[in-house]
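# Coordinates in review
Each chain, written out:
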Amino acid sequence: MIVAVDGPSGAGKSTVCREVARRLQWRLLDTGAIYRCVALRARLANVVDEPAKCAEIAKDIDIRFVASAEGQRVFIGDEDVSEAIRTFETTQCVNRVSAMGEVRAQLLNIQRRLGALGDTIVEGRDIGSVVFPDAELKVFYTATPEARARRRLAEFEKRGESFNFEQVVEQIRLRDETEFHREHSPLVQCDEAVVLDTSAFDFEASCVALQKLIEARKAELSLV
């Protein structure tokens, strides 16, 4: 069974999906982390605005997800980049890189291969619309820009980074505008997706809500 969880940046999809996957003992495919890895390499090579070179990075990159006591870690080759792909500097580059059709084409088969290995929660921006259009359950996970900004600031503070609240809200609004209207694989709320607005939820409530949707769909499928 594939559960496709789409939604805008900063909605908390990654952390909630990671915890729900752990509770259900399912696999998790964080497609955002895959694009962040490409963005990180492109930023370090100073080629963020060069589609052909970013596509080459995507073609050759060796991304691995490794389970650990602290949760899933992300590696490029033998290098643990779990923190490096979440910095403010890399985050600013992700939208530009992920909007490139050449990059998305290179990464599509990687995502499908990794997601087809068993019961899997796959989260990203175009999972239900492009990557797994036949997913058994599609969820559109969202929250207000203000709620998302507070969560993003909490992440930055844990890493010792400090940013202005209004600045982060504006960055989120601009990213939403770009993601919903970009040419290649825009962020889409599929008609069949269940909308899960977590603006007023804490972490536990968000996890419980998603887990209940998955378990209900799993039970429904078992009766067919």
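Conventions used here
Residues numbered from 1 in each chain as written. Predicted model: local features only at pLDDT ≥ 70, side-chain atom pairs only at ≥ 80, totals over all residues. Heavy atoms only, no water. Helix = DSSP H or I, 4+ residues; strand = E, 2+ residues; numbered from the N terminus. Buried < 20%, exposed > 50% of the residue type's maximum accessible area, 1.4 Å probe, protein only. Contact = heavy atoms within 4.5 Å. Pairing = 2+ DSSP bridges. Axes fitted to C-alpha atoms, helices over the stretch in contact; angles between N-to-C directions. Parallel < 35°, antiparallel > 145°, perpendicular 65-115°, else oblique. Left-handed = near helix turned anticlockwise from the far one by under 90°. Nonpolar A, V, L, I, M, F, W, Y, C, P; charged D, E, K, R; others polar. pLDDT = per-residue confidence, 0-100. Phe/Tyr/Trp six-rings, centres within 6.5 Å; stacked < 30°, edge-to-face > 60°. Lys NZ or Arg CZ within 6 Å of the ring centre and 35° of its normal. Core = buried A, V, L, I, M, F, W, Y, C linked by side-chain atoms within 4.5 Å.

Quick look at the side chain of Thr 90 now. With respect to the helices and strands, Thr 90 occurs in helix H4 (residues 88-98). Residue classification places Thr 90 among the buried positions, given a relative accessible area of 0%. Once you skip the residues sitting within four places of it in the chain, Thr 90 turns out to touch Arg 36, Ala 39, Leu 40, Arg 43, Ala 84 and Ile 85.

The subject of this paragraph is the sheet that holds strand E1 (residues 2-6). With respect to topology, five strands assemble into an open sheet ordered E2-E6-E1-E7-E8, the strand pairing being parallel. A strand with exactly one partner marks an edge of an open sheet, and here the two such strands are strand E2 (27-30) and strand E8 (194-197). Each strand axis lies, on average, 20 degrees off the axis of its neighbour in the sheet, ignoring direction. Of the strand pairs in this sheet, E1 and strand E6 (residues 120-124) are connected by five bridges, and their pairing is parallel. By the bridge assignment for E6, Val 5 is matched with Glu 123.

The interhelical angle for the contact between helix H2 (residues 31-44) and helix H3 (residues 51-60), taken along N-to-C directions, is 125 degrees, at an axis separation of 10 Å. If you check the angle between H2 and H3, you find them oblique. You can see that H2 and H3 cross each other, and the crossing is right-handed. Between H2 and H3, the residues in contact are Val 38, Arg 41 and Ala 42 and Cys 54, Ile 57 and Ala 58, respectively. Split by residue class, the contact of H2 with H3 holds five nonpolar, no polar and one charged.

Of the residues in the protein, 99% reach a pLDDT of 70 or more, and the chain-wide mean stands at 91. Highest mean pLDDT in the protein belongs to strand E5 (residues 79-80) (97); lowest belongs to strand E3 (residues 63-66) (87).

Here the focus is the sheet that holds E5. One open sheet holds the three strands; their spatial order is E3-E4-E5, and the pairing between them is antiparallel. The open sheet has two edge strands with one neighbour each: E3 and E5. Two strands pair when backbone bridges link them, and strand E4 (residues 73-76) and E5 are joined in this way by two bridges, in the antiparallel orientation. Along E5, the bridge assignment pairs Phe 75 with Asp 80.

For the rest of this paragraph, the subject is the pairing of E3. A regular strand carries its side chains on alternate faces of the sheet. The pairing of E3 with E4 spans four bridges and is classified as antiparallel. By the bridge assignment for E4, Val 66 is matched with Arg 73. Linkage of E3 to E4, two consecutive antiparallel strands, is achieved through a turn of six residues, within which Gly 71 is found at a positive phi near 115 degrees.

Describing an aromatic ring pair means giving the distance of the ring centres and the angle of the ring planes. Inspection of every chain in the model, using the stated rule, returns three aromatic pairs. With a centroid separation of 4.0 Å and an interplanar angle of 25 degrees, the aromatic rings of Phe 88 and Phe 163 are classed as stacked. Taken together, the residues span a long stretch of sequence, with Phe 88 in helix H4 and Phe 163 in the loop between helix H7 (145-158) and helix H8 (165-181) at a distance of 75 residues. Classification of Phe 163 as partly exposed rests on a relative accessible area of 24%. One aromatic cluster in this structure is built from Phe 88, Phe 156 and Phe 163. Arg 64 extends its terminal NZ or CZ atom over the ring of Phe 75, reaching a point 5.1 Å from the ring centre.

Before going further, it helps to examine the nonpolar core. Among the nonpolar cores identified, the biggest contains 34 residues, and Cys 37, Val 38, Val 97 and Val 103 are the most heavily contacted of them. Put simply, the parts of the chain that give this core at least two residues each are E1, H2, H3, E4, H4, helix H5 (101-115) and helix H6 (127-131). In contact with Val 38, other than residues within four places in its own chain, are Cys 54, Ile 57, Ala 58, Ile 61, Val 97, Val 103 and Leu 107. Listed in part, the 20 residues of the second largest apolar core include Met 1, Val 139, Tyr 141 and Ala 209.

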